[in-house]
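Residues per chain, in single letters:
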Amino acid sequence: MREDWKKHLIDSGAEFDGDYLRDFGNPERERSVAVNGAVLCDLSHRGLLEVRGKDAQAFLQGQFGNDIREVTETRAQLSSYSSPKGRAYAVFRVMLDRDAYLLEMSAERTEVVRKRLCLFVMRAEVVIENAEDSRIRFGLSGPNTDQMLQERLGAFPIELNDVLTSGGVSVVRVPSMEHPRFEIAGEIDACRTLWNDLNVHCAPVGPEGWRLLDILAGVPEIHPETSEAFVAQMINLHALNGISF
């Protein structure tokens, strides 16, 4: 985690184990608030790969389970990377930032996916790098959070997987059980300002709160213990428009 962002989170009450943000002092309460209230959550526990180059789109189209051609700077998607037998190594969100595809996934799967993708690059003009520290990322969830973004950014993503870029940040609307939920990424100054503005009305929570919201929204996650255990349909991706047939 970047030291400047870590300091900002500590100033907001975060408690750390090394570089891992554990919670904001009351994990049990944070899980309850995450379900029922408005919350902010640092997403540095999530991994991020960046794939760029002239052949990036064509290369990824041949590797993933969704139609990468539908990803634009205003539209993200869920997708998966699977073995030749169709069993998933990882599930991730794909976004496009200028000329780079961003793959956001469980941090424990990023290096596995990066190494396997690199095996198939061959002569393609593609660069695949870990990009966890290239952007500050945090989540926003809860009642009226769409209106909070409207007031601060002038707009908000309306449909699931819509992406809005405004005020130095990119905001994607992600699956939720009941209340609007968003993931936000950008440079530190813009993210720090937006976090502080939202923190007036939202409670910061640790990563377990965000994982709980993923579970309630039916968003799957692959762990080392479950790698290659499920085909994409078995982990709900077809219900989340995460598969293209």
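Chemist: Explanation requested: the overall build of the protein in the structure shown.
Modeler: Helix and strand counts for the protein stand at seven helices and 13 strands. The C-alpha radius of gyration computed for the protein amounts to 17 Å, which stays within 12% of the reference 18 Å derived for 245 residues, consistent with globular compactness. With 245 residues in all, the protein has 52% of them scored as buried. Of all intrachain contacts in the protein linking residues separated by at least 6 positions in sequence, the fraction that spans at least 24 positions is 65%. Per element, the accessible surface of the protein, about 11,400 Å² overall, is 48% carbon and sulfur. One way to put it: in the protein the 27 positive side-chain charges average out to a point 5 Å from where the 38 negative ones average out.

Chemist: Explain the sheet that holds strand 6 (residues 88-97) here, please?
Modeler: Across a sheet, strands are paired by hydrogen bonds formed along the backbone, either parallel or antiparallel in direction. Strand order in the open sheet formed by five strands is 5-6-7-4-8, and the pairing between neighbours is antiparallel. What marks the edges here is a single partner per strand, and that holds for strand 5 (77-82) and strand 8 (127-130). With direction set aside, neighbouring strand axes in the sheet form an average angle of 30°. Taken together, the six bridges between strand 5 and strand 6 define a ladder with antiparallel strand orientation. The partner of Leu78 across the bridge, within strand 6, is Arg93.

Chemist: Just to check I follow, could you spell out the side chain of Ser141 for this structure?
Modeler: Considering the arrangement of structural elements, one finds Ser141 in strand 9 (residues 136-141). Among the residues examined, Ser141 registers a relative accessible area of 4% and is labelled buried. Look past the residues within four positions of Ser141 in its chain and what remains in contact with it is Gly37, Ala38, Val39, Pro180, Arg181, Trp210 and Leu213.

Chemist: Sorry, what's going on with the pattern of salt bridges here?
Modeler: When their charged atoms lie close together, side chains carrying opposite charge are able to pair. Summed over all chains, the structure comprises 23 salt bridges. Lys54 serves as the salt-bridge partner of Glu125, at 3.5 Å between the closest nitrogen and oxygen. Of the two residues, Glu125 is situated in the loop between helix 4 (107-119) and strand 8 and Lys54 in the loop between strand 4 (46-52) and helix 3 (56-61); the sequence distance between them amounts to 71 residues.

Chemist: Looking at this structure, I do not really get the environment of Asp197. What am I missing?
Modeler: Mapping Asp197 onto the fold places it in helix 6 (residues 188-199). By relative accessible area, Asp197 is classed as partly exposed at 35%. Separated by 45 residues in the primary sequence, Asp197 and Arg152 have C-alpha atoms spaced 8.1 Å apart.

Chemist: Where do I start with the nonpolar core in this structure?
Modeler: Taken as a class, soluble globular proteins show a tendency for nonpolar side chains to be buried jointly. Trp5 and Phe138 are the most contacted members of the largest nonpolar core, which totals 27 residues. Looking at this core, the elements that each hand over two or more residues are helix 1 (3-11), strand 9, helix 5 (145-153), strand 11 (169-173), strand 12 (181-186) and helix 6. In terms of residue count, the dominant contributor to this core is helix 6 (six residues). Of all hydrophobic cores here, the second largest spans 22 residues; its members include Val71, Tyr89, Phe92 and Leu117.

Chemist: Just to check I follow, could you spell out the packing of aromatic side chains for this structure?
Modeler: Each aromatic ring pair is characterised by the separation of its centres together with the angle its planes make. The tally for this structure, following the rule as stated, stands at six aromatic pairs. An aromatic cluster is defined as three or more aromatic residues linked by ring pairs; in this entry it consists of Phe64, Tyr81, Tyr89 and Phe92. Residue placement shows Lys6 over the ring face of Phe16; its charged tip is 5.1 Å from the ring centre. Positioned over the ring face of Trp210 is Arg181, at 4.8 Å from the centre of the ring.

Chemist: Looking at this structure, how should I read the side chain of Asp97?
Modeler: Structurally, Asp97 can be placed in strand 6. A polar atom in the side chain of Asp97 sits 2.9 Å from the side chain of Arg135.

Chemist: Is there a simple way to think about the pairing of strand 10 (residues 163-166) in this case?
Modeler: In summary, the side chains of a regular strand alternate between the two faces of the sheet. In the sheet, strand 10 pairs with strand 11 via four bridges, with the strands oriented antiparallel. What sits directly across from Leu164, in strand 11, is Val171. The turn linking strand 10 back onto strand 11 is made up of two residues, and Gly167 within it adopts a positive phi angle of 60°.

Chemist: Even after reading the chapter, I still don't get the confidence of the model for the protein, so can you show me in this structure?
Modeler: Atom-level detail of predicted coordinates should not be read off regions where pLDDT is low. When pLDDT is averaged across the protein, the result is 95; 100% of the residues are at 70 or more. Within the protein, helix 2 (residues 27-36) has the poorest average pLDDT of any element, 93, and strand 9 the best, 98.

Rules used throughout
- Residues numbered from 1 in each chain as written.
- Predicted model: local features only at pLDDT ≥ 70, side-chain atom pairs only at ≥ 80, totals over all residues.
- Heavy atoms only, no water.
- Helix = DSSP H or I, 4+ residues; strand = E, 2+ residues; numbered from the N terminus.
- Rg over C-alpha atoms; globule rule 2.2 N^0.38 Å.
- Buried < 20%, exposed > 50% of the residue type's maximum accessible area, 1.4 Å probe, protein only.
- Contact = heavy atoms within 4.5 Å.
- Areas by Shrake-Rupley, 256 points an atom, 1.4 Å probe, with all protein chains shown as cover.
- Lys, Arg positive; Asp, Glu negative; His and termini not counted.
- Charge placed at Lys NZ, Arg CZ, Asp CG, Glu CD.
- Pairing = 2+ DSSP bridges.
- Axes fitted to C-alpha atoms, helices over the stretch in contact; angles between N-to-C directions.
- Salt bridge = Lys/Arg side-chain N within 4 Å of Asp/Glu carboxyl O.
- Core = buried A, V, L, I, M, F, W, Y, C linked by side-chain atoms within 4.5 Å.
- Phe/Tyr/Trp six-rings, centres within 6.5 Å; stacked < 30°, edge-to-face > 60°.
- Lys NZ or Arg CZ within 6 Å of the ring centre and 35° of its normal.
- Polar contact = N/O pair within 3.5 Å; in protein donor to acceptor, adjacent residues only side chain to side chain.
- pLDDT = per-residue confidence, 0-100.

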